[in-house]
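# Fold and contact review
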Amino acid sequence: MRNSNTDLGERYDVVVGGSGMAGSATATILAKNDLDVLMIEANSHPRFTIGEALLPQSSMWMWIVGEYFGVPEIQYLSDANSVVDQITHSCGIKHSVGFAYHEPGEPFSGEHGHQLIPPNLPFYSESHFLREHIDHYLVRSAIDYGVSYVDETSIADVEITDDEVTVVTDRGTTSGAFYVDATGGNSVLSEKLGYREDASELATDSRCIFTHVEGLDPFDELIDEADRPSQSKRFHDGTLHHVFDGGWLWIIPFDNFDRSDATNASVGLVLDRETYPLDESISAEEEFSRIVAQFPDVERHLEPADAVRPWIRTDRLQRILGRSSGHRHYLTNNTYGFVDLLYSNGLINTFESIFVGANLLLEAFDDGDFSANRFERLDELHRRQITNADFLISNAYKAMGDFEVWNAWTQTWLGQILFHDLYIQRHCFKYFASEQPAEFERLLGEPCPGAGAPFVVEKDEMYHAIDDVLSAYAAGSLLPDEAASLIHGELARAEWLPKHVYGWGDERSRHVDFSDPELVGTLLEWGKTSAPSHIRNGLFDFDVPEMA
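What comes next is a walk through the structure. (Residues numbered from 1 in each chain as written. Predicted model: local features only at pLDDT ≥ 70, side-chain atom pairs only at ≥ 80, totals over all residues. Heavy atoms only, no water.)

### A few points about the overall build of the protein chain
Counting its regular elements, the protein chain contains 17 helices and 22 strands. A globule of 548 residues ought to have a C-alpha radius of gyration of about 24 Å, and the protein chain, at 23 Å, matches this closely. Counting only residues that meet the buried cut, the protein chain has 59% of its 548 residues in that class. By sequence separation, contacts in the protein chain at least 24 residues apart represent 75% of the contacts at least 6 residues apart. When the accessible surface of the protein chain is split by element, carbon and sulfur atoms take 44% of a total near 20500 Å². Within the protein chain, the 91 negative side-chain charges are centred at a point lying 3 Å from the centre of the 39 positive side-chain charges. (Helix = DSSP H or I, 4+ residues; strand = E, 2+ residues; numbered from the N terminus. Rg over C-alpha atoms; globule rule 2.2 N^0.38 Å. Buried < 20%, exposed > 50% of the residue type's maximum accessible area, 1.4 Å probe, protein only. Contact = heavy atoms within 4.5 Å. Areas by Shrake-Rupley, 256 points an atom, 1.4 Å probe, with all protein chains shown as cover. Lys, Arg positive; Asp, Glu negative; His and termini not counted. Charge placed at Lys NZ, Arg CZ, Asp CG, Glu CD.)

### A word on the packing of helix 1 (residues 21–32) against helix 5 (residues 131–144)
One way to put it is that helix 1 packs onto helix 5 with a least axis distance of 9 Å and a crossing angle of 25°. Relative to helix 5, the element helix 1 lies roughly parallel. Crossing of helix 1 against helix 5: the hand is left-handed. Facing helix 1, whose interface residues are Met21, Ser24 and Thr28, helix 5 presents Arg131, Ile134, Asp135, Leu138, Val139, Ser141 and Ala142. (Axes fitted to C-alpha atoms, helices over the stretch in contact; angles between N-to-C directions. Parallel < 35°, antiparallel > 145°, perpendicular 65-115°, else oblique. Left-handed = near helix turned anticlockwise from the far one by under 90°.)

### Re the state of the cysteines
Throughout this description, disulfide means a covalent bond between two cysteine sulfur atoms. Inspection of every chain in the model, using the stated rule, returns zero disulfides. For the unlinked cysteine Cys428, the closest cysteine sulfur is that of Cys448, found at 16 Å. (Disulfide = S-S within 2.5 Å.)

### Description of the sheet that holds strand 18 (residues 319–321)
With respect to topology, three strands assemble into an open sheet ordered 11-18-21, the strand pairing being antiparallel. For this open sheet the edge positions go to strand 11 (196–197) and strand 21 (337–338), each flanked by a neighbour on one side alone. (Pairing = 2+ DSSP bridges.)

### Brief notes about the environment of Leu189
The residue Leu189 is located in helix 6 (residues 188–192) in this model. With a relative accessible area of 1%, Leu189 lands in the buried category. Sequence separation between Leu189 and Ile282 is 93 residues, and the spatial gap between their C-alpha atoms is 36 Å. In this structure Leu189 touches Val158, Ile160, Tyr179, Asp181, His329 and Leu331, once residues within four positions along its chain are discounted.

### A short note on a negative patch on the surface
A cluster of acidic side chains, namely Asp7, Glu10, Asp34 and Asp36, defines a negative patch on the protein surface. Looking at where Asp7 falls in the secondary structure, it is placed in the segment before strand 1 (11–17). Residue class for Asp7 comes out partly exposed when judged on its relative accessible area of 38%. (Patch = residues over 30% accessible without salt bridge, like charges linked within 9 Å, V, L, I, M, F, W, Y side chains within 5 Å. Salt bridge = Lys/Arg side-chain N within 4 Å of Asp/Glu carboxyl O.)

### Digging into the packing of aromatic side chains
Evaluation of the coordinates by the stated rule reveals 41 aromatic pairs. Ring geometry for Phe219 versus Phe235: centroids 6.4 Å apart, planes at 45°, classification tilted. Of this pair, Phe219 sits in the loop between strand 12 (206–214) and strand 13 (239–244) while Phe235 sits in the loop between strand 12 and strand 13, placing them 16 residues apart in sequence. An identical accessibility class is assigned to Phe219 and Phe235; each is buried. In this structure, Lys459 packs its charged tip against the face of Tyr463, placed 5.8 Å from the ring centre. Directly above the aromatic system of Phe542 lies the positively charged group of Lys528, at a separation of 4.9 Å from the ring centroid. (Phe/Tyr/Trp six-rings, centres within 6.5 Å; stacked < 30°, edge-to-face > 60°. Lys NZ or Arg CZ within 6 Å of the ring centre and 35° of its normal.)

### Here we look at the nonpolar core
Within the largest apolar cluster, 153 residues are counted, with the highest numbers of intra-cluster contacts made by Phe129, Trp406 and Trp409. The contact partners of Phe129, leaving out residues within four places of it in the chain, are Met21, Glu52, Leu54, Met62, Leu77, Val83, Cys91, Ile134, Phe254 and Leu347. Formed by 25 residues, the second largest nonpolar core is a distinct cluster that contains Ala265, Tyr276, Ile291 and Val298. (Core = buried A, V, L, I, M, F, W, Y, C linked by side-chain atoms within 4.5 Å.)

### A closer look at the pattern of salt bridges
Where charged atoms from two side chains of opposite charge approach closely, those side chains can pair. Within this structure, the stated rule accounts for 29 salt bridges. Between Arg11 and Glu164 there is a salt bridge whose closest N-O contact spans 3.3 Å. With Arg11 in strand 1 and Glu164 in the loop between strand 8 (155–160) and strand 9 (165–169), this pair connects stretches of sequence that are 153 residues apart. Note on Glu164: relative accessible area 26%, which makes it partly exposed. Residue Asp460 is joined to Lys459 by a salt bridge in which the shortest nitrogen-to-oxygen separation is 3.8 Å. Among the residues examined, Asp460 registers a relative accessible area of 31% and is labelled partly exposed. Look at Lys459 and you get buried, because its relative accessible area is 12%. Overlapping salt bridges, with partners in common, bring together Asp205, Arg273, Asp315 and Arg316 in one network.

Written out as structure tokens, the structure reads:
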């Protein structure tokens, strides 16, 4: 798929290398704003990729980006029904985030499960994306907006001078005023400019084995009723994480939406490399099966499933570059670096980066300033995204060694994700009330969206105390029950967490269902009347608008 009239010999305003979600969405936004854009893809669409599960924040960011830049094709991604109506009938829903913890040789116990059900809001709804359809749609949309596109075209070199960029491909040479590098982990530009670094500074150290399967039954139907969360949604109504000491396995069904025609699911095993070093003496499928066989109910869950794609096995997932911008160029977030798939933060990071990067670039074209200083804001964003992800995920791997520690850590993760969701929702609610894009532009003033939230100082203090506990536990200086007790104590003392909404600090707390209007009402009442004043004034200072 390519434009029949694309001429590599022309000069463009912007050349975009790569046509994944970040490259295509950015190219579309720039073309919408009357820039001449060329997008170059080394492969072709449709193509297989992962990064399939959304969270409330990723859906909200898709909605915000589409609304702010006036691109409904991006906004369609934010709602499961819009995805079916406008894009594909092969995507699932994500109305649950579930964790099932497993011990070797033991059946799953409901006491070892957690489930978060997000609130129902009419302007977004999380999905499971069959990415080959989504990414292909975004490329077609970019072309419809006037982006020139070539595929099966490899970038061999990128030259940047004071006045222009020159991109050399195996099909010819093109030039432009600016280069957006969305090529991912094989960036020619970052290698040339010496941005390449190893990921030794990152604490997370994991690898992955994954495929797509058919024939997967809902886990809820395989376990006793007493072991199910007994909330308004099943584990199968969202992403289920099977967790164990040294790793976890994702289950992302595409067939769990009554409007979906899909019959398949994404499954992937992510492993700490120290606990599970790569065994090259056996195939990826054999290694996957050998590890899963340790856990009876995980093996039973996967037993009827048949792979419908080749198995893929990676070495270390983590990578990071020294910087992500400079004179007349910037790198998208996934080109800059990657940590791990746990907690599905990749698409949040992508659309935060699109929002910031496109704003900076449009401003640069307004005043003709393409200097490196202009794009330092994007560098800071990407560094913080990687640092935050590495902190959360590396601590999650430490906590996986024992359920009591994992339980305490999962409560910790739940508190931060809930309140960061609410902070972005707050900006959306204020936008509905004012109809002023400035409500979203306030987020551009923060080094990373959410960094200005009123609970951040207390949250960071609590997280660093918990980090010390988990490091001591991982080093053998604390027993599991001691570590869990210390973490629960930190949670219980946190005044920014409403304990009557969810039992933070109570080791018996497991599930929470924010699709319950009464529970949401209780949270809002606390936030507007009883929360600490800085939380009341900086997080709950909105009216929930009437939204059809």
